[in-house]
Amino acid sequence: MTIEVKNLVKTFGSFRALDGVDLKVESGELVALLGPSGSGKTTLLRIVAGLDWPDAGEVLINGEDALAQGARERHVGFVFQHYALFRHMTVFENIAFGLRVQPRAVRKDEAAIRARVKELLDLVQLDWLSDRYPSQLSGGQRQRIALARALAIEPRILLLDEPFGALDAKVRKELRKWLRSLHHEINVTSIFVTHDQEEALEVANRVVVMDKGRIEQIGSPDDVYERPASAFVHGFIGESIELPVQVEGGVVRLGDRPLALAADGLAPGASRLFVRRHDMLVGPPGSGAFEAAVQHVRNFGPVQRAEVVLSGGRTIEIDAPRDKELRVGDAIGLEPRRYRIFAG
Amino acid sequence: MTMQIVHSGPVTSSDETVRAREALARDNLRTEPKAVRIAVIAIAIAFLSVFVVLPLVVVFAHAFAKGIAAYLAALAEPEALAAVRLTLLVAATSVGLNLVFGLVAAWAIAKFDFPGKTFLITLIDLPFSVSPVISGLVFVLLFGAQGYFGGWLRDHDIQILFAVPGIVLATTFVTFPFVARALIPLMQEQGTQEEEAAISLGASGLQTFFRVTLPNIKWGVLYGVLLCNARAMGEFGAVSVVSGHIRGETNTMPLLVEILYNEYQFVAAFAIASLLAVLALITLIAKTVLERHLDEGQGANDH
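Treat the numbers as computed from the prediction; the structure is a model and nothing was measured.

(A) Spatial organisation of the overall build of chain B. On a plain count of helices and strands, chain B comes out with 15 helices and zero strands. Every one of the 303 residues in chain B was classed for burial, and the buried ones make up 38%. In chain B, the share of contacts with a sequence separation of at least 24, taken over all contacts with a separation of at least 6, comes to 71%.

(B) Fine view of the interface of chain A and chain B. Across the boundary between the two partners, chain A contributes 24 residues, which contact 20 residues of chain B. Each partner contributes to the roughly 2200 Å² buried at the junction of chain A and chain B, and carbon and sulfur atoms together form 56% of this total. Where chain A packs against chain B, one counts two salt bridges. One salt bridge connects Arg87(A) with Glu194(B), and the closest N-O pair in it is separated by 2.7 Å. A breakdown of the residues in the side of chain A that touches chain B according to their chemical character gives 14 nonpolar, four polar and six charged.

(C) Inspection of the nonpolar core at higher detail. Residues and elements named next belong to chain A. If you look at the biggest cluster of nonpolar residues, it comprises 45 residues, and the most contacted ones within it are Ile-95, Val-117, Ile-145, Leu-147 and Leu-158. Where this core is concerned, the elements lending two or more residues are strand S3 (30-34), helix H3 (91-100), helix H4 (110-123), helix H5 (139-152), strand S7 (157-161), helix H6 (169-186), helix H7 (197-203) and strand S9 (206-211). Residue contributions to this core peak at seven residues, all from H5. Those residues in contact with Ile-145 that lie beyond four places of it in its chain are Leu-85, Val-91, Ile-95, Leu-121, Leu-126 and Leu-137. Leu-23, Val-48, Leu-51 and Leu-159 belong to the second largest nonpolar core, which has 39 residues in total.

(D) View of H6(A). Residue and element names in this part refer to chain A. The first and last C-alpha atoms of H6 sit 26 Å apart over 18 residues, in line with the 26 Å expected at 1.5 Å per residue. Among the residues of H6, those classed as buried are Arg-172, Leu-175, Arg-176, Trp-178, Leu-179, Leu-182 and His-183. Check the buried side of H6 and you find it contacts S3, H4, H5, S7, strand S8 (189-194) and H7. Phi turns positive one or two residues past the end of H6, at Asn-187, with a value near 55 degrees.

(E) Spotlight on unusual backbone geometry. Although it is not a glycine, Gln125(A) adopts a positive phi angle of roughly 60 degrees. Its location among the elements puts Gln125(A) in the loop between H4 and H5. On the accessibility criterion, Gln125(A) (47% relative accessible area) is partly exposed. Its identity as a non-glycine residue notwithstanding, Asp157(B) has a phi of 60 degrees, on the positive side. Structurally, Asp157(B) is set in the loop between helix H8 (150-155) and helix H9 (164-175).

(F) Quick look at the environment of Glu263(B). The residue Glu263(B) is located in the loop between helix H14 (253-262) and helix H15 (266-301) in this model. Separated by 172 residues in the primary sequence, Glu263(B) and Ala91(B) place their C-alpha atoms 26 Å from one another.

(G) Fine view of the side chain of Asn98(B). Residue and element names in this part refer to chain B. Within the fold, Asn-98 resides in helix H4 (residues 78-111). Assessed through its relative accessible area of 0%, Asn-98 is described here as buried. Side-chain polar atoms of Asn-98 contact the side chain of Thr-175, separated by 2.7 Å.

(H) Spatial organisation of the packing of H9(B) against helix H12 (residues 205-234) of chain B. All names here are of chain B. Taken N-terminus to C-terminus, the directions of H9 and H12 make an angle of 135 degrees; their axes are 9 Å apart at the nearest point. The angle between H9 and H12 falls in the class oblique. When you trace H9 past H12, the crossing you get is right-handed. Here Thr-171, Val-174 and Thr-175 of H9 come into contact with H12, specifically with Cys-228, Arg-231 and Ala-232. Class assignment for the residues of the contact of H9 with H12 results in three nonpolar, two polar and one charged.

(I) Here's a closer look at the packing of H4(A) against H5(A). Residues and elements named next belong to chain A. Direction vectors running N to C along H4 and H5 enclose 140 degrees, while the axes themselves pass 9 Å from each other. In terms of their interaxial angle, H4 and H5 are classed as oblique. Between H4 and H5 lies a crossing whose hand is right-handed. Of the residues in H5, those in contact with Arg-116, Leu-120, Leu-121 and Leu-123 of H4 are Ile-145, Ala-148, Leu-151 and Ala-152. By residue class, the composition of the contact of H4 with H5 is seven nonpolar, no polar and one charged.

(J) Up close: the sheet that holds strand S13 (residues 257-259) of chain A. Residue and element names in this part refer to chain A. Judged by pairing direction, the sheet is antiparallel, and its five strands sit side by side in the order S13-S12-S11-S14-S20 without closing on themselves. Edge positions in the sheet fall to S13 and strand S20 (340-343), since each of these pairs with one other strand and no more. The sheet shows a mean angle of 40 degrees between the axes of neighbouring strands, direction not considered. Alignment of strand S11 (residues 240-248) against strand S12 (residues 251-254), held across three bridges, turns out to be antiparallel. Its bridge partner being in S12, Gln-246 is matched across the sheet by Arg-253.

(K) Local environment of the packing of aromatic side chains. Residues and elements named next belong to chain B. Applying the stated criterion across every chain yields a total of 15 aromatic pairs over all chains. Ring centres of Phe-47 and Phe-51 lie 4.5 Å apart, and the angle between their planes is 20 degrees; this geometry places the pair in the stacked category. Linking Phe-47 with Phe-51, this pair stays in helix H2 (residues 34-63), spanning four residues, or about one helical turn. Measuring from centroid to centroid gives 5.9 Å for Phe-139 and Phe-173, while their planes differ by 80 degrees, and the two rings are edge-to-face. With Phe-139 in helix H7 (residues 132-143) and Phe-173 in helix H9, this pair connects stretches of sequence that are 34 residues apart. For Phe-139, a relative accessible area of 10% translates into the label buried. Residue Phe-173 is classed as partly exposed on the basis of its relative accessible area, which comes to 26%.

(L) Layout of a nonpolar patch on the surface. The grouping of Phe47(B), Leu48(B), Val50(B), Phe51(B), Val52(B), Val53(B), Leu54(B), Val57(B) and Val58(B) at the surface amounts to a nonpolar patch, some 820 Å² of accessible area in total. Mapped onto the elements of the fold, Leu48(B) is located in helix H2.

(M) Representation of the sheet that holds strand S4 (residues 56-61) of chain A in the model. All names here are of chain A. With antiparallel pairing, four strands are arranged side by side in an open sheet as S2-S1-S4-S5. Every interior strand has two partners, whereas the edge strands, strand S2 (15-25) and strand S5 (64-65), have only one. Pairing geometry for S4 and S5, over two bridges, is antiparallel. In the sheet register, Ile-61 faces S5, and the bridge partner there is Glu-64. Its contacts with the sheet put helix H1 (residues 41-49) on strand S1 (3-12), S2 and S4, and the angle it makes with S1 is roughly 120 degrees.

(N) Looking closely at H14(B). Residue and element names in this part refer to chain B. Counting buried positions over the 10 residues of H14 gives seven, a clear majority of the element. Taken together, the buried positions of H14 are occupied by Met-253, Pro-254, Leu-255, Leu-256, Val-257, Ile-259 and Leu-260. One or two positions beyond H14, positive phi appears at Tyr-264, with a value near 60 degrees.

Reading the values: the criteria
Residues numbered from 1 in each chain as written. Chains lettered and ligands numbered in written order. Predicted model: local features only at pLDDT ≥ 70, side-chain atom pairs only at ≥ 80, totals over all residues. Heavy atoms only, no water. Helix = DSSP H or I, 4+ residues; strand = E, 2+ residues; numbered from the N terminus. Buried < 20%, exposed > 50% of the residue type's maximum accessible area, 1.4 Å probe, protein only. Contact = heavy atoms within 4.5 Å. Buried area = accessible area lost by both parts, 1.4 Å probe. Salt bridge = Lys/Arg side-chain N within 4 Å of Asp/Glu carboxyl O. Nonpolar A, V, L, I, M, F, W, Y, C, P; charged D, E, K, R; others polar. Core = buried A, V, L, I, M, F, W, Y, C linked by side-chain atoms within 4.5 Å. Expected span 1.5 Å × (residues − 1). Polar contact = N/O pair within 3.5 Å; in protein donor to acceptor, adjacent residues only side chain to side chain. Axes fitted to C-alpha atoms, helices over the stretch in contact; angles between N-to-C directions. Parallel < 35°, antiparallel > 145°, perpendicular 65-115°, else oblique. Left-handed = near helix turned anticlockwise from the far one by under 90°. Pairing = 2+ DSSP bridges. Phe/Tyr/Trp six-rings, centres within 6.5 Å; stacked < 30°, edge-to-face > 60°. Patch = residues over 30% accessible without salt bridge, like charges linked within 9 Å, V, L, I, M, F, W, Y side chains within 5 Å. Areas by Shrake-Rupley, 256 points an atom, 1.4 Å probe, with all protein chains shown as cover.

All quantities given are derived from atomic positions and should not be read as evidence of function.
Structure representation (structure tokens):
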């Protein structure tokens, strides 16, 4: 099943939640919609599910016009951020709900419904919770039951709104792996919304980065991390150093200081220079594009993080290998191994 | 509501004197002098006894003043039976109407956004803020012989005022807020996510309502119906204006109590009053039970 949206526009009052969004999801993909809150990602998901309606644009599911159908007819599995389990029903009845409300002509008999629910409970590895009520479950369990409930109707596509948003860090990591392997197993075309870049990069085949109702970049996790298409993507994904620079006559300047950086093909004017923290290589003074003084060093994890002051007074944080000797007060040179400059 | 004084000092401190001093400070914060406590409790109990318990006792004392036989005879009077029947009919009809109106209004307010929503919420409370006599008079102005629809009603031979329809209308108006008021906060708190989930799982609107929405609010509905019913059976002012006091026909129980009392038939008056008092007691007990269920529901909801 493919999902395609064309030039989608949605406004809430004067707020433009979606501002001309085009996206195509191929059959069997697991796509992440990644963006800060208010970027329109949940709105997009709800429109695909039929829970909201766009002001303009098209939604095609498997090539058919989905906007001609209500949420009920679309046959879409939707997992809500806060799960929205039916609080007065047991886990079993929650999962069976979608099967029980089918028109009598196609409804399965009780034995078949029981078998299907059992199968789903096994799939999410929670068969022992069948008689509990949602209020008696942990967050991670509710999440998996919500997923089982959505899968019960054998949906054409699966949509997940912040599937791990309400869980604590450890459970979240486990469920991420679990979701990825589950997707591998059932292979249903899926979109999930997240504001957590790590989650998007780790789980999805493809990441759609959104900001202010627009798509900033669509690409593989590698693409959006290694080759960000815009200043926003570079700033949002991964930890970046951002410096305001001026491009003039083929020279990049930081303040009034020219930098030894290639400026080929850059439009003149105010620009922003982005460097990943670990792409700033430390050398002796005079060895790189920047001169700096070490102000503070913290040693933890696989790298040491140093706060350094660039000549000109700006403070940045860099990650250096642990074997590199850095002491407070050292004068150093910094050379960006890789960098990107975006106009504006 | 229970107030808890939280121990905010250094819990790990092993210094006994510090702990003892803290405990003392806590007690001082929490506890008024013993005399004050006793006085406050005594005043509360005395007030309740004089204004609530005593009248209740008096009602039953007067009702049974001439023995059980007289009590039962008073209740078996055709006029009394007619009043009981009419009261039940009026209550059942107006509770039924208000159940539907209340559900619809609460649904609209809690689940949708539309212009004029705040105004509608204010309007729902109107019957509470208007004197019941005025509520009754409104219907006289509308449906009376000189009223807006009076001529038309007479031409078509429809009797509203001084008949059952008028009493039902007045009662319905006065008791309208109960169901809606009980449901609006409940439905607002529950939001629309479960309904959305139901629809995306393929449920129709009706299936969603009966399988998801209604079970979630059933205790609230019962609570509203209970209070609505109690008020509908006990309503005096509005009904008095529109009823016309036709004996054996348009007298509800509260109206009959007044008439009998004015005619010095104390046993009969208090016999009927005792029925209303029993209704009040049953309502009170049922209300307590329902409130417990509502609280439990709330507790279970907090995911």
